[in-house]
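This is what each chain is made of:
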Amino acid sequence: MARALGHAMRNAAKDSDMTQWARYRAADGRIGFGTLEAEQIVEYDGNLFDEPTPTGSTIRRDTVTLLSPCAPSKIVALWNNFHALAAKLGKAAPSHPLFLIKPESCVIGPGEDIQRPLAYPGKIAFEGELGIVIGRRCKNVSAAEATAYIFGYTCVNDVTAAEVLNENGDFAQWCRSKGYDTFGCVGPAITTDFDWAVARVITRLDGVERQNYPLSDMIIPPAELVSFISHDMTLLPGDVIAVGTSLGVGSMKDGATVDVQIDGIGVLSNTVRSVPAD
């Protein structure tokens, strides 16, 4: 798995201005972070979001386990933010972001298993998305200022227990259905100076393409999303805004593997597992 992810990310960083940051666990259990360069990670010290300094050391990618590239206090997940999906659903384009919160406890990184909730036999859905990673404490910023608060971009699989969502006819269970442990897949890296407007999200289920949509079809673009949401709540360094998905959302059975690919960022791969009861 580490070798496959390494090849995917090596092929992803095509623009010399882009830097890819990753977080990892070494064989001795040490947690570190650094920049991806060829077959190695250039190690850094300090705070990823506050002028980290290179240690002068490198570590081979194939000797570490990649983790989620950041540890968000929350994932802000958008709904109805792509024109194509809005048209299919017969929904008007929103004037303000429509979102829910996924807790930090749901976050997993590349290669980790999506765990089916105990006593839930229903459909589990994937949604391949672009994630905005916040780099500075962000409150009440304008759209013109917002770009300075974006550290970079990553891949997200916004997982949903589909049959929980409308289980109660009086109240849609957005946070519950999307907030289970392991339902926030993030990674494999954060890419800075990324031109999202020319990129596409490709999602594959067991190798079969299920989503392939342009990010340029976004209704409310990243800088405006950051501005709007910063007026609703404080965004903290490492927080992730999942910008929403488009056509092709589907369900995944136990044992299925979902790959979310965005060229310039890499491939986020996770497999669904059923966890035995104690």
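Note: the structure precedes this text.
How each quantity is defined
- Residues numbered from 1 in each chain as written.
- Predicted model: local features only at pLDDT ≥ 70, side-chain atom pairs only at ≥ 80, totals over all residues.
- Heavy atoms only, no water.
- Helix = DSSP H or I, 4+ residues; strand = E, 2+ residues; numbered from the N terminus.
- Contact = heavy atoms within 4.5 Å.
- Buried < 20%, exposed > 50% of the residue type's maximum accessible area, 1.4 Å probe, protein only.
- Lys, Arg positive; Asp, Glu negative; His and termini not counted.
- Salt bridge = Lys/Arg side-chain N within 4 Å of Asp/Glu carboxyl O.
- Polar contact = N/O pair within 3.5 Å; in protein donor to acceptor, adjacent residues only side chain to side chain.
- Pairing = 2+ DSSP bridges.
- Axes fitted to C-alpha atoms, helices over the stretch in contact; angles between N-to-C directions.

Take the environment of arginine 210 next. Its place among the elements puts arginine 210 in strand E16 (residues 208–214). Taking C-alpha positions, arginine 210 is 15 Å from isoleucine 124, a pair spaced 86 residues apart along the chain. Apart from residues lying up to four places away in sequence, arginine 210 is in contact with Phe126, Thr203, Arg204, Leu205, Leu247, Gly248 and Gly250.

Okay, helix H6 (residues 222–230) next. Burial analysis of H6 places seven of its nine residues in the buried class, which makes it a mostly covered element. Listed in full, the buried residues belonging to H6 are Pro222, Ala223, Leu225, Val226, Ser227, Ile229 and Ser230. Each element contacted by the buried residues of H6 is listed here: strand E6 (74–79), strand E7 (98–103), strand E11 (128–134), helix H3 (143–146), strand E12 (150–158) and strand E17 (240–242).

Attention now goes to unusual backbone geometry. The omega angle of the peptide bond from glycine 187 to proline 188 is 0°, so this bond is cis rather than trans. Looking at where proline 188 falls in the secondary structure, it is placed in strand E14 (residues 184–191). Of note, alanine 119 is a non-glycine position whose phi angle comes to about 65°, a positive value.

With that out of the way, let us pick up the side chain of aspartate 259. Inspection of the secondary structure assignment puts aspartate 259 in strand E19 (residues 257–262). Arginine 204 is the oppositely charged side chain nearest to the buried, salt-bridge-free aspartate 259, at an N-O distance of 6.1 Å. In terms of polar contacts, aspartate 259 uses its side chain to reach the side chain of serine 269, at 2.6 Å.

Before going further, it helps to spend a moment on the pairing of E14. Counting buried residues along E14, eight of its eight residues qualify, which places the element largely inside the surrounding structure. Relative to E14, strand E1 (residues 20–25) runs antiparallel, the two sharing two bridges. Across the sheet, tryptophan 21 pairs through a bridge with isoleucine 190, a residue of E14. Direction of pairing for E12 relative to E14: antiparallel, over a ladder of five bridges. Across the sheet, the residue bridging to aspartate 158 is glycine 184, located in E14.

Next up on the list: the sheet that holds E16. Taking strand neighbours across the sheet as the criterion, the five strands line up as E9-E20-E19-E15-E16 in an open arrangement whose pairing is mixed. With partners counted over all chains shown, the strands left at the sheet margins are strand E9 (113–116) and E16, one partner each. On average, each strand axis in the sheet is inclined to that of its neighbour by 20°, with strand direction left out of account. Note: strand E15 (residues 200–205) against E19, four bridges, orientation antiparallel. Bridge pairing links leucine 205 to valine 258 in E19.

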